[in-house]
Amino acid sequence: MRKGYMKFVFLLPAVVWVLIFTIYPLIDSLRLSFFTYRLGMGVGEFVGFQNFIDLFKSPDYWNAFRVMLIYVCVAVPVEMALGLGFAWVFARELKGKAVFRTIFTSPLFTTGVAVGYLGVTMFHETGGPINYFLSFFGTQVPWLSTGFWATVAILLLDIWRWTPFAFIILLAAIQSVPEEMYEAASLDTASEFQIFRYITFPSILPAFTIALLLRLIEAFKQFGLVFSLTEGGPGRTTEIYCVLNYRTSIKYFDFGHGSAMAFLLLLIVMIVVVQFFGRMRKIYE
Amino acid sequence: MKQKEGSIKRVFIWIIIIAGTLWMLFPFYWAVSNSIKPKIETFNPGSLFPYINFQPSLWAWDKVFTQGDPIKPLINSAVVSTATTAIVLVIGTMAAYALARYRWNIIKSKDLTVWFLSQRVLPPVVVLIPFFIIMMKLHLLDTWRGLVLVYVTFNLPFGVVIMREMFRDIPVELEEAALIDGASDWQAFTRVSLPLAVNGLIATAIIVFAFAWNEALFALTLTSAKAGTMPVYILSARSTRGVLFNVASVNTLLAIAPPVLLALTIQRYLVRGLTFGAVKE
């Protein structure tokens, strides 16, 4: 470990950048959440917690909150479970494993709004391939014209896009479990499920936790895919939190309520992330 | 896991692998096959295979490039993403090096790192309005510079945390030898450590590039006709052209090809990058 003033020269630009461009907007946003403020009319009067109270009374707010909650509580567990399943399948000697791994990684880097746009064609009720496939089983699904099925469509696309995230992380974790861990187990003829339950899973738990945390953080930010697939519709049935927040702030230029809504989201994310904090700190020892 | 596996299980495993592969590839295939469908086949969902079900045609590609003009948004996306990546790499690498190699007394290196990391937790929508107001006042709405400024802010913490991990992997002895031979700190950094970290840096660069390329919320808020990136272009194409399948497919392919193809080249550092260095391969 070296000493000397050079460390400040190296570190300073990054610290200054982050301080200026996150701390200032954060404080400004907090301030605005206590004012009435519409674009063109300037900062209005101080209203205390009125913006927050308005939100709590607004059915649209609770609807957006509910849509986000459903999305997070369904998409994230399914993606983690599927990712874990595929990781388990691939964690053995296979022909062409590198190729399959690459294929299983590619959805992760696709553009959210483009995937949503492609989704509009895939879930198209008369011309789309999914209803075409279902027609062989004698059923048709009104994908984007009912709230329930539009939510399912969002979830299906999201699961396609994010399962790879859990998959590659958990695959790397399973593959780095030392061989000796298994040798002891196979002596007493443990079943494959028991080996997974008592050896593999506990060994990859740290990686699993990290993947879950990072996925959760991203899930609360969901915007692009939903915005381009359903635009929050039909009606407001899929208007997820960030879509409503974006509309309030930038379409209606209601900066006061927009800031208040954004801060409530920050609060929700903080409550979730704090559960993981101790573990995160240990990793960067 | 080296266990003897029965043939029934082997078959079962391969069924899962093939089903999973088809699932992963289908949306890509759908986009490609639609992009070369002639106009009359557009809404015929059974028409899946070129040459078998339909005669491929470049009609949709032609239409997109003559009417929609994706060239400008492609250039905007490329410029903004590249500039973001370059700035993150320069500033971020320096900070990462300082955190990996120096003794920090008052605030520990670990805590500084977690502080950087915590910026990533912040939902971007929280700073959406302040940035909009700042850009409006500075006349940076609908410019490359405005968007780059925001993207660097969001990606810098990622760059610092992941590159710190990469520097920590490089043996410190090499640098110590250079320092004893009279190299300055700056030389030890640029001549010894940086060349050894180059693979990690390339992986980091590609991930940052993809993040910037795919970002929609700020692109939509801060840019429009002049500096609008691919997500802005996609959304406007969606609302003006409706769902003409083959045109939508061409646009989708133009948007997703650069980040996806670049990301396929990352091998070793992908997992470390995506987990902020927390999971090693």
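Residues numbered from 1 in each chain as written. Chains lettered and ligands numbered in written order. Predicted model: local features only at pLDDT ≥ 70, side-chain atom pairs only at ≥ 80, totals over all residues.

Novice: Would you mind going over the overall build of chain B with me for this structure?
Specialist: A count of helical and extended segments in chain B gives 13 helices and zero strands. In summary, chain B has a C-alpha radius of gyration of 23 Å against a globular reference of 19 Å for 281 residues, an excess of more than 25%. Its C-alpha atoms put chain B at 75 × 70 × 35 Å along the principal axes. Buried residues in chain B amount to 50% of all 281 residues. (Helix = DSSP H or I, 4+ residues; strand = E, 2+ residues; numbered from the N terminus. Rg over C-alpha atoms; globule rule 2.2 N^0.38 Å. Buried ≥ 20, exposed ≤ 12 C-beta atoms within 10 Å, placed from the backbone.)

Novice: What is the right way to look at the overall build of chain A in this model?
Specialist: Assigned secondary structure in chain A consists of 13 helices and two strands. With the principal axes as the frame, chain A shows a C-alpha extent of 75 × 70 × 30 Å. Scored against the burial criterion, the 285 residues of chain A give a buried share of 41%. A sequence separation of at least 24 residues applies to 70% of the contacts in chain A between residues at least 6 apart. (Contact = placed C-beta atoms within 7 Å.)

Novice: Whenever I open this one, the interface of chain B and chain A confuses me. Can you help?
Specialist: Size of an interface, as often reported, equals the accessible area lost when the parts are brought together. Of the residues lining the interface, 81 residues belong to chain B; the matching set on chain A comes to 85 residues. Looking at the side of chain B that touches chain A residue by residue, the classes come out as 58 nonpolar, 15 polar and eight charged. (Nonpolar A, V, L, I, M, F, W, Y, C, P; charged D, E, K, R; others polar.)

Novice: Where do I start with the domain arrangement of chain B in this structure?
Specialist: Residues and elements named next belong to chain B. Per the domain assignment, the segments making up chain B are domain 1 (7–66) and domain 2 (69–274). Just the C-alpha atoms count here: the centres of domain 1 and domain 2 sit 32 Å apart. Each side of the interface is counted separately: domain 1 has twelve residues, and domain 2 has ten residues. Secondary structure elements with two or more residues in the side of domain 1 that touches domain 2: helix 1 (7–35) and helix 2 (59–68). Top element by residues in the side of domain 1 that touches domain 2 is helix 2. It accounts for five residues. (Domains from an automatic or database assignment.)

Novice: When you look at the pairing of strand 1 (residues 35–38) of chain A in this model, what are you seeing that I'm missing?
Specialist: One ladder, built from three bridges, connects strand 1 of chain A with strand 2 (residues 42–46) of chain A; its direction is antiparallel. The residue bridging Arg 38 of chain A from the neighbouring strand is Gly 42 of chain A, located in strand 2 of chain A. (Pairing = 2+ DSSP bridges.)

Novice: I'm lost on the pairing of strand 2 of chain A in this one. Help?
Specialist: If a strand is regular, its side chains alternate between the two faces of the sheet. Burial within strand 2 of chain A is sparse, with just zero of its five residues counted as buried. Hairpin remark: strand 1 of chain A followed by strand 2 of chain A, antiparallel, with three residues in the connecting loop; positive phi at Gly 40 of chain A, about 95 degrees.

Novice: Just to check I follow, could you spell out the environment of Arg 31 of chain A for this structure?
Specialist: All names here are of chain A. By the secondary structure assignment, Arg 31 is in helix 1 (residues 6–32). The class of Arg 31 is partly exposed, set by 14 C-beta atoms lying within 10 Å. A sequence separation of 229 residues divides Arg 31 from Ala 260, and the C-alpha atoms of the two residues are 9.3 Å apart.

Novice: I would appreciate a short explanation of the packing of helix 5 (residues 112–122) of chain A against helix 1 of chain B in the present structure.
Specialist: The relative placement of two packed helices comes down to the angle between their axes together with the axis-to-axis distance. Where helix 5 of chain A meets helix 1 of chain B, the axes come as close as 11 Å, and the angle between the chain directions of the two elements is 75 degrees. Judged by the angle between their axes, helix 5 of chain A and helix 1 of chain B are roughly perpendicular. Side by side, helix 5 of chain A and helix 1 of chain B meet where Leu 118, Thr 121 and Met 122 of chain A of the first sit next to Pro 27, Trp 30, Ala 31 and Asn 34 of chain B of the second. Taken together, the residues that form the contact of helix 5 of chain A with helix 1 of chain B break down as five nonpolar, two polar and no charged. (Axes fitted to C-alpha atoms, helices over the stretch in contact; angles between N-to-C directions. Parallel < 35°, antiparallel > 145°, perpendicular 65-115°, else oblique.)

Novice: Honestly, the nonpolar core in this entry has me stumped. Any pointers?
Specialist: Taken as a class, soluble globular proteins show a tendency for nonpolar side chains to be buried jointly. Ranked by internal contacts, the top residues of the largest apolar core, which has 164 residues, are Ile 169, Leu 170 and Ala 211 of chain A together with Ala 95 of chain B. Viewed by domain, this core spans two of them, domain 1 (7–66) and domain 2 (69–274) of chain B, each represented by three or more residues. With residues near it in sequence (within four places) discarded, Leu 170 of chain A still touches Gly 83, Leu 84, Ala 87, Ile 204, Ala 207, Phe 208 and Ala 211 of chain A. (Core = buried A, V, L, I, M, F, W, Y, C linked by C-beta atoms within 7 Å.)

Novice: Got a minute to help me understand the packing of helix 1 of chain B against helix 12 (residues 245–263) of chain B in this structure?
Specialist: Residue and element names in this part refer to chain B. For the pair helix 1 and helix 12, interaxial distance at closest approach is 8 Å and the crossing angle is 120 degrees. The pairing of helix 1 with helix 12 is recorded here as oblique in orientation. Here helix 1 and helix 12 pass one another in a crossing that is left-handed. Between helix 1, through Ala 31, Val 32, Asn 34 and Ser 35, and helix 12, the contact on the second element is made entirely by Phe 245, Asn 246, Ser 249, Val 250, Thr 252 and Leu 253. Residue classes in the contact of helix 1 with helix 12 are distributed as five nonpolar, five polar and no charged. (Left-handed = near helix turned anticlockwise from the far one by under 90°.)

Novice: How should I be thinking about helix 12 of chain B in this particular structure?
Specialist: Residues and elements named next belong to chain B. In a regular helix each residue adds 1.5 Å, so 19 residues correspond to 27 Å; helix 12 covers 26 Å between its end C-alpha atoms and thus fits that length. At Ala 257, helix 12 shows its maximal kink, close to 40 degrees; a proline, Pro 258, follows between one and four residues later. The buried count for helix 12 comes to 15 of 19 residues, which makes it a mostly enclosed element. (Expected span 1.5 Å × (residues − 1). Bend = angle between axes of the 7 residues up to and from the residue.)

Novice: What is the right way to read unusual backbone geometry from this model?
Specialist: Glycine aside, negative phi is the norm for most residues, and most peptide bonds take the trans geometry. With a phi close to 50 degrees, Phe 253 of chain A is a non-glycine residue in the positive phi region. On the secondary structure map, Phe 253 of chain A appears in the loop between helix 11 (241–251) and helix 12 (255–274). The backbone of His 139 of chain B shows a phi angle near 55 degrees, a positive value even though the residue is not glycine. Under the C-beta neighbour-count criterion, His 139 of chain B is labelled exposed, with 9 such atoms within 10 Å.

Novice: It is not clear to me how the confidence of the model for chain A should be interpreted in this structure. Could you clarify?
Specialist: Interpretation of the predicted coordinates at a detailed level should be avoided for regions scoring low in pLDDT. Put simply, chain A has an average pLDDT of 88, and 95% of its residues get 70 or more. Taken element by element, the predicted model of chain A shows its lowest mean pLDDT in helix 13 (residues 277–283) of chain A (68) and its highest in helix 3 (residues 59–90) of chain A (95). (pLDDT = per-residue confidence, 0-100.)

Novice: When you look at helix 9 (residues 192–220) of chain A in this model, what are you seeing that I'm missing?
Specialist: Every α-helix carries 3.6 residues per turn, so stepping three or four residues along brings you back to the same face. Residues and elements named next belong to chain A. The end-to-end C-alpha separation of helix 9 is 36 Å, well short of the 42 Å expected for 29 residues at 1.5 Å each. Along helix 9, the largest kink reaches about 55 degrees and is centred on Leu 205; proline Pro 206 follows within four residues of it. The set of residues buried in helix 9 consists of Thr 200, Ile 204, Ala 207, Phe 208, Ile 210, Ala 211, Leu 213, Leu 214, Arg 215 and Phe 220. Those residues of helix 9 hidden inside the fold are in contact with helix 3, helix 7 (147–175) and helix 12.

Novice: Where do I start with the confidence of the model for chain B in this structure?
Specialist: Mean pLDDT for chain B: 87, with 98% of residues reaching 70 or above. The secondary structure element of chain B with the lowest average pLDDT is helix 2 of chain B, at 82, and the one with the highest is helix 10 (residues 217–222) of chain B, at 94.

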